[in-house]
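An overview of the molecular structure
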Amino acid sequence: MGLLDKFESARAIREQLSVGGHDPTAVVMEQILSPTEGIVEGRNTILAGTNNYLGLTFDPACVAAARNAIESQGTGTTGSRMANGSFSAHAALEQELADFFKVGHGMVFSTGYAANLGTLVALLNPGDAVLLDADAHASLYDGCQMSGADIFRFRHNDVESLEKRLQRLGERAQDCLIVTEGLYSVMGDCAPLVEIAALKEKYGALLLVDEAHSLGVYGDNGCGVAEAQGVMDQVDFFVGTFSKSLGAMGGFCVSRHPELDLLRYLSRPFIFTASSSPSIIASTHEALKQVKGRPELRETLWRNADRLYQGFNELGFETGPEVSPVVAVKLGAKEAALPFWNQLLEKGVYTNLMVPPASPDQHSYIRCSVSAAHSREQVEQIIEAFGSLKHLLQADG
Ligand code: PMP
């Protein structure tokens, strides 16, 4: 097979995805009007699939911080953290994140993906054992894979399955790493971190929690699911991203282990890429301040999440197991899901479509992410749009 022949399968995927009209992976936001509104195909569209949980992308203080940073420090760092790309703002943000999680040590990376890759490849070596939730994000899986460690996947959020694997590891369990997320972004379900942390203690393992979707959303201070479940002290490494509730781009790892400060010498995804632009670091710093100082954003977010979840259930849609700012609706076969997603878009509601093999089981899902910036009317319009298309699913059963 020639190098280019394999693209035939990608062409087939693209064609399949386009049968309902538009390819859901190729939507272009022609204009962004606000955190929750844009123009897509010339139409005013409610953005209901953006991970913009707190709606901070247009927050005046975040925008001003970014603008000031560009004016005072320039548009980019033009280099990596280990060379010319460490500005005082990067170091300050590392400390702020560490303080926020009440641990001593922090590192920032250029993306959330790089944070996961960079942390895992430095932590794990070939021959180490890592226990990874079966539905963990690709960046967690890729980091484990790249490290060369032995990967043992446990059933999603299944504590029994995790313990079985720990038992099978025997003495190796003492040095293994358990990797999980706080809030899972496909179905909007939370990890049972209390039970996972108890197992980690019982077997002497280390625990890494990715709070990408839960930072700013869960916990009294917005630290995430570990805070909400009262187990922050048992987490060895927190990773997360700036690209969701913080409204920018970048990632971090924080830890109570002082070894984190040495991780930067071993982490190729940290060493061999340019550091985040000053504007990104500045708006993230401001957004983190807002997470701490504006709990009312979380309250509005949860009010909207409750209403959307309840609205879908009243219409008879099958949703995820618990209310969260990620609200997924199960749609069955891909053939039904594609036209449903397309017609939602035509009705002016942008959502995320997940079809096999990218969805966790053989079903298709439409995922909404709720924002504190959604108005009550927008939430009702989203519910109404779903309701008006329910007939499309009847034929599919
Ligand atoms: N972890 C999780 C759980 C994610 O969902 C994502 C992104 N969707 C990432 C990490 C990567 O973050 P980023 O897109 O900011 O690189």
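The rules behind the values
Residues numbered from 1 in each chain as written. Predicted model: local features only at pLDDT ≥ 70, side-chain atom pairs only at ≥ 80, totals over all residues. Heavy atoms only, no water. Near = heavy atom within 4 Å. Polar contact = N/O pair within 3.5 Å; in protein donor to acceptor, adjacent residues only side chain to side chain. Areas by Shrake-Rupley, 256 points an atom, 1.4 Å probe, with all protein chains shown as cover. Nonpolar A, V, L, I, M, F, W, Y, C, P; charged D, E, K, R; others polar. Disulfide = S-S within 2.5 Å. Buried < 20%, exposed > 50% of the residue type's maximum accessible area, 1.4 Å probe, protein only. Pairing = 2+ DSSP bridges. Helix = DSSP H or I, 4+ residues; strand = E, 2+ residues; numbered from the N terminus. Axes fitted to C-alpha atoms, helices over the stretch in contact; angles between N-to-C directions. Contact = heavy atoms within 4.5 Å. Salt bridge = Lys/Arg side-chain N within 4 Å of Asp/Glu carboxyl O. Core = buried A, V, L, I, M, F, W, Y, C linked by side-chain atoms within 4.5 Å. Domains from an automatic or database assignment.

A word on the site of the ligand. Near the ligand lie 13 residues; those nearest to it are Tyr113, Asp210, His213, Thr241 and Ser243. Separating a nitrogen atom of the ligand from a side-chain N or O atom of Lys244 is a distance of 2.9 Å. Here the ligand loses 82% of its free accessible area of 390 Å² to cover by the protein chains. When the residues that make up the shell around the ligand are grouped by side-chain class, the tally is two nonpolar, eight polar and three charged.

Moving on to the state of the cysteines. Here the structure, examined in full by the defined rule, presents zero disulfides. Free of any disulfide, Cys144 has its nearest neighbouring cysteine sulfur in Cys176, separated by 11 Å. Classification of Cys144 by relative accessible area gives buried; the value is 0%. Of the cysteine sulfurs around Cys368, a residue in no disulfide, the closest is that of Cys190, at 18 Å.

Turning to the sheet that holds strand S8 (residues 206-210), a few remarks are in order. Reading across the sheet, the seven strands line up as S4-S10-S9-S8-S7-S5-S6 and stay open at both edges, with mixed pairing between neighbours. Two strands close off the open sheet at either side, each with one partner strand: strand S4 (105-109) and strand S6 (150-154). Averaged over all neighbouring strand pairs, the angle between strand axes comes to 20°, with direction disregarded. Bridge count between S8 and strand S9 (residues 237-241): three bridges; the pairing is parallel. Its bridge partner lying in S9, Val209 is registered against Phe238. In the packing of helix H3 (residues 88-100) onto the sheet, the strands contacted are S4 and strand S10 (251-255), and the crossing angle to S4 comes to about 130°.

Let us now look at the pattern of salt bridges. Going through the model one piece at a time under the given rule, you end up with 16 salt bridges. Ionic pairing is found between Arg294 and Asp59, a salt bridge with its closest N-O pair at 3.3 Å. Residue Arg294 is located in the loop between helix H11 (278-293) and helix H12 (295-314), and its partner Asp59 is located in the loop between strand S3 (43-47) and helix H2 (60-73); the two are separated by 235 residues in the primary sequence. The exposure class assigned to Arg294 is partly exposed, which follows from its relative accessible area of 28%. A relative accessible area of 11% means that Asp59 is categorised as buried. We note a salt bridge from Arg256 to Asp236, for which the minimum N-O separation is 3.1 Å.

Within the element layout of this structure, Lys390 appears in the loop between helix H14 (376-388) and helix H15 (391-394). Of the residues examined, Lys390 reaches a relative accessible area of 23% and is grouped as partly exposed. Here the alpha-carbon distance between Lys390 and Asp23, two residues 367 residues apart in the chain, equals 21 Å. Excluding residues within four positions of it along the chain, Lys390 makes contact with Leu315, Gly316, Phe317 and Phe340.

Glancing now at the nonpolar core. With 88 residues, the main nonpolar core has Phe101, Phe312 and Phe386 as its most contacted residues. Per-element accounting of this core gives the leading share, seven residues, to helix H13 (residues 334-346). Shared between two domains, this core holds at least three residues of each, these being domain 1 (19-48 + 295-396) and domain 2 (60-293). Counting 23 residues, the second largest nonpolar core, distinct from the first, contains Ala149, Leu177, Phe237 and Cys253.

Attention shifts here to the pairing of S10. In terms of residue burial, S10 counts as a mostly covered element, since five of its five residues are buried. Here S10 shows a buried face lined by Gly251, Cys253 and Ser255 and a second buried face lined by Phe252 and Val254. The pairing of S4 with S10 spans five bridges and is antiparallel. Note on S10: the bridge partner recorded for Met107 is Cys253. Here five bridges tie S9 to S10, and the two strands are oriented antiparallel to one another. Bridge assignment links Phe238 to a residue of S10, and that residue is Val254.

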